Amino acid sequence: MKDFFMFLGFVIALNSYADIEYVPTERKVTSAAMVESNRGCFKELNAQGCGDPGEDIQHFRSCMNNAYDGLSDTCQKMMTKLYGKR
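Quick caveat: nothing in here was measured; it's all calculated off a predicted structure. Residue positions are given per chain, counted from 1 along the sequence in the order it is written. A pLDDT threshold of at least 70 governs which residues receive local features in this predicted model, and a stricter bar of 80 or more applies before side-chain atom pairs are shown or counted, although totals over entire chains, interfaces and linings include all residues. Side-chain measures here rest on the full set of heavy atoms in the structure, leaving out hydrogens and waters.

Take the overall build of the chain next. Within the chain, the regular secondary structure consists of 4 helices and 0 strands. The order of helices and strands in the chain, counted from the N terminus, is α-α-α-α. Burial analysis of the chain (86 residues in total) assigns 17% to the buried set. Sequence separation of at least 24 residues holds for 37% of the intrachain contacts in the chain that already meet a minimum separation of 6. Helix and strand definitions here come from DSSP, where helices need a minimum of 4 consecutive H or I residues and strands a minimum of 2 consecutive E residues; each element is numbered from the N-terminal end. Burial status follows relative accessibility: with a 1.4 Å probe on protein chains alone, a residue under 20% of its type maximum counts as buried, one over 50% as exposed, and anything between as partly exposed. Residues are treated as being in contact if the distance between any of their heavy atoms lies within 4.5 Å.

Right, dumping it as structure tokens:
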């Protein structure tokens, strides 16, 4: 039984092709315009009284849910991706 488990471990080790230096073929580079657009979404919510999500996440999420319909389409998509559906 001991030999069987050693053989099984050896077979599994031979079949694993892990690479610790993985580099994706297509790197996604965030543009400065995209960063500014995302910051604008948080500024828009801050102007509506939601504050910063780092300070009080519960208040931010409830305020965001109330102000969700007034956000632009790109901000709605980003907030849904970050904080889930309301």
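Within the secondary structure layout, Ser62 lies in helix α3 (residues 57-67). Taking relative accessible area as the criterion, Ser62 reaches 38% and is therefore assigned partly exposed.

Along an α-helix, a turn takes 3.6 residues, which lines up residues three or four apart on a common side. Here α3 has its buried residues at Phe60, Cys63, Met64 and Ala67. Looking straight down α3, one finds that the buried residues subtend no more than 105° of arc, so they occupy a single side. Residues of α3 that are exposed and point more than 90 degrees away from the buried face comprise Gln58 and Asn66. Where α3 is buried, its residues contact α2 (32-47) and α4 (73-83). Directions drawn from the helix axis to the C-beta atoms are what define this arc.

Next up on the list: the state of the cysteines. Two cysteine sulfur atoms form a disulfide, by the criterion used here, when they sit within 2.5 Å. Following the criterion strictly, the structure yields 2 disulfides and no others. A sulfur-sulfur distance of 2.1 Å marks the disulfide that ties Cys50 to Cys63. Here the S-S torsion is close to -75°, and the disulfide linking Cys50 with Cys63 is therefore left-handed. Residue Cys50 is found in the loop between α2 and α3, and its partner Cys63 is found in helix α3; the two are separated by 13 residues along the sequence. The two residues Cys50 and Cys63 agree in class, both being buried. Each bonded cysteine in the chain gets a number by its place in the sequence, and the pairs come out as 1-4, 2-3.

Let's shift gears to the packing of α2 against α4. In contact at an axis separation of 10 Å, α2 and α4 are set at 85° when each is read in the N-to-C sense. The angle between α2 and α4 places the two elements in the roughly perpendicular class. Across the interface between the two elements, Ser37, Asn38, Cys41, Phe42, Glu44 and Leu45 from α2 touch Thr74, Cys75, Met78, Met79, Leu82 and Tyr83 from α4. Residue classes in the contact of α2 with α4 are distributed as 8 nonpolar, 3 polar and 1 charged. Under this scheme, a helix contributes an axis fitted over its contacting stretch, all axes are lines through C-alpha atoms, and angles between N-to-C directions fall in the 0 to 180 degree range. Here the word oblique covers every angle except those under 35 degrees (roughly parallel), over 145 (roughly antiparallel) and from 65 to 115 (roughly perpendicular). Only Asp, Glu, Lys and Arg are considered charged in this grouping, and only Ala, Val, Leu, Ile, Met, Phe, Trp, Tyr, Cys and Pro are considered nonpolar; every other residue, Gly among them, is considered polar.

Glancing now at the pattern of salt bridges. Side chains bearing opposite charge may pair, as long as their charged atoms lie close to each other. The term salt bridge refers to a pairing of a side-chain nitrogen on Lys or Arg with a carboxyl oxygen on Asp or Glu at a separation within 4 Å. For the structure shown, the criterion picks out 1 salt bridge. For Lys43, the salt bridge is made with Glu36, and the minimal N-O distance between the two is 3.9 Å.

With that out of the way, let us pick up a nonpolar patch on the surface. Any residue with relative accessible area above 30% and no salt bridge may belong to a patch, with like charges joined within 9 Å and the nonpolar Val, Leu, Ile, Met, Phe, Trp and Tyr side chains within 5 Å. Throughout, the Shrake-Rupley method with a 1.4 Å probe supplies accessible areas, and for residues the shown protein chains are the sole cover considered. Side chains of Met1, Phe4, Phe5, Leu8 and Ile12 sit close together on the surface and give an oily, nonpolar patch of about 570 Å² of accessible area. Of note, Leu8 is situated in helix α1 (residues 2-15).

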